[in-house]
Amino acid sequence: MPASSPGVSPVPSPVIRLRGLTRHFRNRQGSVTKALDGVSLDVAAGEIFGIVGRSGAGKSTLIRCVNLLERPAEGEVLVFGENLLTLDDAALRQRRRGIGMVFQHFNLLSSRTVAGNVAFPLEVAGMPRAERDARVAEVLALVGLAQKAEAYPAQLSGGQKQRVGIARALAPRPRILLCDEATSALDPETTHDILGLIRSLRDKLDLTVLLITHEMAVVKEICDRVAVMEAGQVLEQGRVFDVFTRPAHPTTRSFVAGTIGHSVPPGTVARLPPPRPGEERRLLQVLFAGPNSTRAVISEASRRFGIDLDIISGRIDEIAGEPFGLMALAAYGAAPRLDEAVAWFEELGLAVTPLAEVR
Ligand SMILES: Nc1ncnc2c1ncn2[C@@H]1O[C@H](COP(=O)(O)OP(=O)(O)OP(=O)(O)O)[C@@H](O)[C@H]1O
């Protein structure tokens, strides 16, 4: 069984439980886009859950269903066990205060100061002035912007603007934070800072975070679990380490390859010796995670199956604090012996991917 699964991985008492969500859009020509086509997932308390997919996969529609900015045509949106679709407008407004949202383009009011932007949701909620001022100061300190309270958005860098966006989202003390491509408008270094901030806020405030992104690097850096979407469906979901190290679906494999995979330069392949008559040459990526040592496994495979294994390249990486090794191998031998060796690697818990599939 693959480590990840296209079906939902139910968790006990999920903070967010989505079941069978569908949302179709009909364009002017009458054709229908299935933005959501039966999506189910559970987000556990305190986790950072990522939804990754290419443009048009349905990520924005999905995240907007969690606070019902978008209403699914079918399905259930359960937040802390309550189906939001059954609530009247007043109750829904109240529940939405428990769900903060951060946007790609920050969505700040340019005519208001930083403090004014952060105060905005508290004003809408009718919080008295003194309490509001205290809360604004508190959240600005949390995001490291206490010194910028009186600045205007135009005076801030992208990273600072997103800190304001995060402070505004957190001002009403939500238990859930939704991040809609929160770092997609930022450079890599600022992205790293903002992701670090989101993680530390999750820890400090006991938040549950659901984020959407088109970047596997974001998932790798911050998420505990991930769902991969395409054409309105979840292709697979699971622990980030499992999905990255044993991707089950070709789309996931191509996503993951860009982040952790090997690509062997054509010149290197051209310099490899050809297989002997009656034998094959296969280029394999082997992922070592867990207790089995690389060197011993390679030399033992050679002895056991009478094959030759040349190491083309290798490196060590880490996902969510778990180390793993990646190695590109050229394997030479009779086809049945190579099949047996691959099966043996798999039995040892090492993931083997033909390098031809890794682009
Ligand atoms: N209001 C709408 N009217 C018509 N079609 C829509 C609407 N909203 C989304 N869609 C379509 O639904 C599909 C999914 O869109 P969605 O924005 O959810 O995808 P996404 O994964 O978030 O991609 P992106 O990152 O480009 O926003 C797309 O084909 C999109 O064109």
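Cut-offs applied
Residues numbered from 1 in each chain as written. Predicted model: local features only at pLDDT ≥ 70, side-chain atom pairs only at ≥ 80, totals over all residues. Near = placed C-beta within 6 Å. Helix = DSSP H or I, 4+ residues; strand = E, 2+ residues; numbered from the N terminus. Nonpolar A, V, L, I, M, F, W, Y, C, P; charged D, E, K, R; others polar. Expected span 1.5 Å × (residues − 1). Buried ≥ 20, exposed ≤ 12 C-beta atoms within 10 Å, placed from the backbone. Contact = placed C-beta atoms within 7 Å. UniProt positions renumbered as here; feature names shortened; annotations may be inferred. Pairing = 2+ DSSP bridges. Arc of directions from axis to C-beta. Axes fitted to C-alpha atoms, helices over the stretch in contact; angles between N-to-C directions.

> Any chance you could break down the site of the ligand for me, citing the residues and the numbers?
Around the ligand, a shell composed of Phe-25, Thr-33, Ala-35, Gly-53, Ser-55, Gly-56, Ala-57, Gly-58, Lys-59, Ser-60, Thr-61 and His-214 is seen. Per-element accounting of the shell around the ligand gives the leading share, 3 residues, to helix H1 (residues 59-66). Tallied by class, residues from the shell around the ligand come to 3 nonpolar, 8 polar and 1 charged.

> Tell me about helix H5 (residues 158-170), and name the residues and values.
Its 13 residues give H5 an end-to-end C-alpha distance of 18 Å, which sits within 8% of 18 Å, the value for a rise of 1.5 Å per residue. With 10 of 13 residues buried, H5 is to be regarded as a mostly interior element. Among the residues making up H5, those that are buried are Lys-161, Gln-162, Arg-163, Val-164, Gly-165, Ile-166, Ala-167, Arg-168, Ala-169 and Leu-170. Looking at the buried side of H5, the elements it contacts are strand S6 (99-103), helix H3 (114-124), helix H4 (129-142), strand S7 (176-180) and helix H6 (188-205).

> Tell me what's going on with the UniProt feature "domain: ABC transporter" (unreviewed entry) in the protein, and back it up with residues and numbers.
Sequence positions flagged by UniProt for "domain: ABC transporter" (unreviewed entry) are, in local numbering, residues 16-256. In the segment residues 16-256, helix accounts for 38% and strand for 27%; the C-alpha atoms at its two ends are 26 Å apart.

> Talk me through the environment of Thr-208; I want residue IDs and the actual numbers.
Here Thr-208 is to be found in strand S8 (residues 208-213). Using a count of 23 C-beta atoms within 10 Å as the deciding quantity, one classes Thr-208 as buried. Separated by 34 residues in the primary sequence, Thr-208 and Pro-174 have C-alpha atoms spaced 9.3 Å apart. With residues up to four places along the chain from it excluded, the contact list for Thr-208 reads Val-15, Val-43, Ala-45, Gly-46, Glu-47, Arg-175 and Ile-176.

> Hey, could you go over the sheet that holds strand S4 (residues 74-79) for me, with residue numbers and the actual values?
Strand order in the open sheet formed by 4 strands is S2-S1-S4-S5, with antiparallel pairing between adjacent strands. The sheet terminates laterally at strand S2 (32-43) and strand S5 (82-83), the two strands that pair on one side only. Bridge analysis of strand S1 (residues 16-26) against S2 gives 9 bridges, and the strand direction is antiparallel. Within S2, the position partnered with Ile-16 by the bridge is Val-43.

> Please give an account of H6 that cites residues and values.
With 18 residues, H6 extends 25 Å between its outermost C-alpha atoms, agreeing within 8% with the 26 Å of an ideal straight helix rising 1.5 Å per residue. Those residues of H6 that fall on the buried side of the exposure criterion are Thr-191, Ile-194, Leu-195, Ile-198 and Leu-201. Along the long axis of H6, the arc covered by the buried residues comes to 125 degrees, so they all point the same way. In H6, the exposed residues that point more than 90 degrees away from the buried face are Glu-189, Gly-196, Ser-200, Asp-203 and Lys-204. Positive backbone phi, approximately 60 degrees, marks Asp-206, located one or two places after H6.

> With reference to specific residues and values, describe the sheet that holds strand S12 (residues 308-319).
Hydrogen bonds along the backbone pair up the strands of a sheet, which may run parallel or antiparallel. What the 4 strands build is an open sheet, ordered S12-S13-S11-S14; its pairing is antiparallel. Edge positions in the sheet fall to S12 and strand S14 (351-354), since each of these pairs with one other strand and no more. Geometrically, the sheet is characterised by an average inter-axis angle of 20 degrees between neighbouring strands, direction not taken into account. In the sheet, strand S11 (residues 280-288) pairs with S14 via 4 bridges, with the strands oriented antiparallel. Note that in S14 the partner of Leu-287 across the bridge is Ala-351.

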